[in-house]
Amino acid sequence: MPLSARTMKSYQKLTTAVLQPAACRVEEEGAAQMSAGRRKLAPWCVGSGLLVAAVLLSATTVWVLRQVSGGWPGPTLPPKCLLVPESHRFDCYPERHVVVTRELCESRGCCFIESLPPAGGKRGVPWCFYPPDFPSYTLDSLNQTALGMVGLLVRREKAYYPRDIEMLRLDVEFETDTRLHIKLTDAANPRYEVPLEVPRAMKRAENPIYTLDFSRDPFGVLLRRRATGTVLLNTTVAPLIFADQFLQIATSLPSRFLYGLGEHRGTLLHNLDWSTLTLWARDVSPTESFNLYGAHPFYLLMEEGGDAHGVFLLNSNAMEVVLQPAPGLTWRTIGGVLDFYIFLGPDPNMVIQQYQQVIGFPAMPPLWALGFHLCRWGYGSSNETWQTVRAMRNYQIPQDAQWNDIDYMDGYRDFTFNPQKFASLPSLVEDLHKHGQYYVIILDPGISSTNPHGSYWPFDEGLKRGLFLNTTQGQPLIGQVWPGFTAFADFSNPDTHQWWLENLQHFHAHVPFDGLWIDMNEPSNFMDGSEDGCPPGELDSPPYTPAVLGDSLSAKTVCASAKQKASVHYNLHNLYGLMEAKATASALIQIQGKRPFVISRSTFPSQGRYSGHWLGDNRSQWKDMYYSIPGLLSFSLFGIPLVGADICGFSGSTSEELCTRWMQLGAFYPFARNHNTQNEKAQDPTVFSPAARTAMKNALLTRYSLLPFLYTLFHRAHLQGDTVARPLFFEFPWDVATLGLDRQFLWGRSLLVTPVLEPGVESVTGYVPRGVWYDFYTGSSVNSSGEMLKMSAPLEHLNLHVREGAILPTQKPGTTSEATRGNPLRLIVALSSSATAWGDLFWDDGESLDTFERGNYSYLVFNVTQNIFTSTVLHASTEATEVTIGTLSIFGVREPPSKVLLNGQEKPFSYLDNQVLTVSDLGLSLSQGFSLQWL
């Protein structure tokens, strides 16, 4: 079939045109309309731009003519169509499963040129694409406001989707020097908007690092970075379409280095060769090119020279984002408004911080959340679950939390447990708590609807209070999930949050769980729509359906026409998991009075405020282990730092080698859980050979030793939106060799993880950015010029390197986070080539709410200059008095010291040939500052 369907094409090659003639760029407006220095594109510029484009593209035109002249049937093509190079053809006929003919295409007023389909059945250059003069909106008026501008856009010719909106309101707010807000909506009628709390700017930015210009006819936005002149957005490349159920806007991109746009399985760096990314929450095992569990309409783009910017489209409707080699990008959504935030960085870390200033910073997890979690579907009984916990303790393998999947329930019904097979569950939970361990259960949003009246309170009460999704007829929509026929809780209704809390309180009284795992919350449905299908109409069968798996909005979920308190499901579907997470976190806080621990499958921007995420039902395969790295790094960009994949794989059968390598990698997932499906052999560390078991145990002990460092990273994420697991290019944005790396990652700025991702090898090749790096275990240094290095990697070894200039707080590991907390600290100092280093430590009780906000914490800064290490306590709390600093290990001390002084008193020390100085038995309270000097 023609490739037209899901590709992108070109409407106007203005990137070049707009940038070339200087005179074209600026037309000062009268003072009433535009403040001094606010410039716009002259209306005539767009037309003349085409002449420039014609000259610039003449070579391309000749080539295109050659391609098509070979026996082209029918009428000659208008020259305007031949002007558009293939990479700039923006798709005018994106409908799938339609053979796009010349007649269909020209009925839309578009250009039709057949081209060769790419190999492998993928989509390629669209055959039907916009001509340069396709009608769009005109900027009719533009006026200054206190925060920016307000404009009126008018479409004089209808486009080809029903209920075109003829007049749009443009709102521009210069919110901060690094954040711009541009919103397009119906000028006459209110439309659905995402109910997300966003910050309101109080005054206009005074020194924005961007400049904004407009094209009048066709309307377009031109956004530049002031320092470099780089064009970040140019939306004149294709027409703006804003119909009731089809909204489309395209832009050129300043480079091909694009990240984000989740949730998908693939490389971290997107491929811009005609790929479509669909955003519509769906329960499906992670597979390349499918729309997966969550929706994150945000991208990060690296510009040439190392600058970065981000774009967030605040829209929750079914959506697709089309990428093309121009490079260009098209946003296509079927509802809501076009509400864009642009973040100017200028470095990638700052872009992600600025994004989270809008969507909210992630919650601080409890310390135990960062320990090792163990789960499987199919333990079969509480006694078998308990046996696994005992085996882990027997081998002294670290474990903080034991989980159960749906087999703990009675008939797979929420808020119940099986009275036969899980009779000892309350005793198991009591035993876990006695050993400083925690218990987590799964919950689904589908509530069993077929029990005799009066026998199942959650359904009876939900029905009585009207808390379920309803059909268009006003009856509860009935689908099918694990317990059989189910109704679906409507978390957009605040009353549902109260009912959810009451259910959890009732269950907690019997089984005092510590955290909740919310699954199936896309929401997932074993039927398409409902037991009665879905009604006819434009919600369930819209004029345009994005490229969703199953080709229907109701595929394996509920009807888009289902009624919810806040709106129709058509608008709220992608928010379902977020709203459930909000209700769940709130309930846990009310039940326990501590930081909640929630892991959710479906996610949406701002999810990090309420939950973490696991990457879903992966498989026990080497490629799945690799794909987990781009997965966790993408969720770092989305403001959900508490993320990981099922270690050793969920479905299928793992091997000892795969599971060992995966446990080593998984020990460095911010959220580390080994999880397995039913009817497969066990894959917890205790079931393997002594050698494999020891390797797994050692990887976990390394993780537990790093808990103080990891916990501090999570504090920084909570406080200001720093990432925890971080792509290498975040720290080395000017190093183009890092831009595509996704087989390695960093913790924070300074710990480089290089896992083995393939079978049968004893070494691994990884990129080591320029500078000095130290082996985490030995302190031996490697001085890299920025190169790929081959590292020894026998089965028992995971390569970890510490970046020069870092100080990592570590701790003697115990078998739980609670046991580890009481042990002495070891500070690892990695001296820079100029013999300096810096690090910090955040410490609190590990579980209380808002410790930072209430001042119940300690914060220390560590520094090295001129052979003097200083620890400075910037804020102190009682917890810090219970912990001691035992050891200081200093990597990169070039000359053997003659003596070491602690607060002026001589101390014994050791010094090794690999330039590692160690001072032990310090016995210093964490709450006291100190200095240590070597001479």
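Data block above holds the structure.
Attention in this report is confined to the structure presented alongside it. Small disclaimer: the values here were computed from a predicted structure and weren't measured. (Residues numbered from 1 in each chain as written. Predicted model: local features only at pLDDT ≥ 70, side-chain atom pairs only at ≥ 80, totals over all residues. Heavy atoms only, no water.)

Judged by nonpolar contacts, the single largest core of 234 residues is most densely connected at Trp-331, Phe-869 and Leu-932. The dominant element in this core, judged by the number of residues it contributes, is helix H14 (residues 622-637), at nine residues. In this structure, Cys-92, Trp-127, Trp-280 and Ala-560 belong to the second largest nonpolar core, which totals 28 residues. (Core = buried A, V, L, I, M, F, W, Y, C linked by side-chain atoms within 4.5 Å. Buried < 20%, exposed > 50% of the residue type's maximum accessible area, 1.4 Å probe, protein only. Helix = DSSP H or I, 4+ residues; strand = E, 2+ residues; numbered from the N terminus.)

Further remarks concern the state of the cysteines. Using the criterion set out here, one finds five disulfides in the structure. Across the disulfide from Cys-92 sits Cys-110; the S-S distance is 2.1 Å. In this structure the cystine formed by Cys-92 and Cys-110 twists about its S-S bond by roughly 75°; its chirality is therefore right-handed. Pair noted here: Cys-92 is in the loop between helix H5 (79-82) and helix H6 (102-107) and Cys-110 is in the loop between H6 and strand S3 (111-112), with a separation of 18 residues, a long-range link. With respect to burial, Cys-92 and Cys-110 carry one shared label: buried. Each disulfide pairs two cysteine sulfurs, and for Cys-534 the partner residue is Cys-559, the sulfurs being separated by 2.1 Å. Residues Cys-534 and Cys-559 are joined by a disulfide whose S-S torsion is about -95°; by sign, that bridge is left-handed. (Disulfide = S-S within 2.5 Å.)

A word on the pattern of salt bridges. Tallying each qualifying case throughout the model produces 42 salt bridges. With a closest N to O distance of 3.1 Å, Lys-80 and Asp-133 form a salt bridge. With Lys-80 in helix H5 and Asp-133 in the loop between strand S4 (128-129) and strand S5 (137-144), the pair connects residues that are 53 residues apart, well separated along the chain. One salt bridge in this structure joins Asp-410 and Arg-413, with 3.5 Å as the shortest N-O distance. A relative accessible area of 26% means that Asp-410 is categorised as partly exposed. By relative accessible area, which is 21% here, Arg-413 ends up partly exposed. Beyond isolated ion pairs, a larger network of salt bridges with shared partners links Asp-283, Asp-519, Glu-522, Arg-601 and Asp-617. (Salt bridge = Lys/Arg side-chain N within 4 Å of Asp/Glu carboxyl O.)

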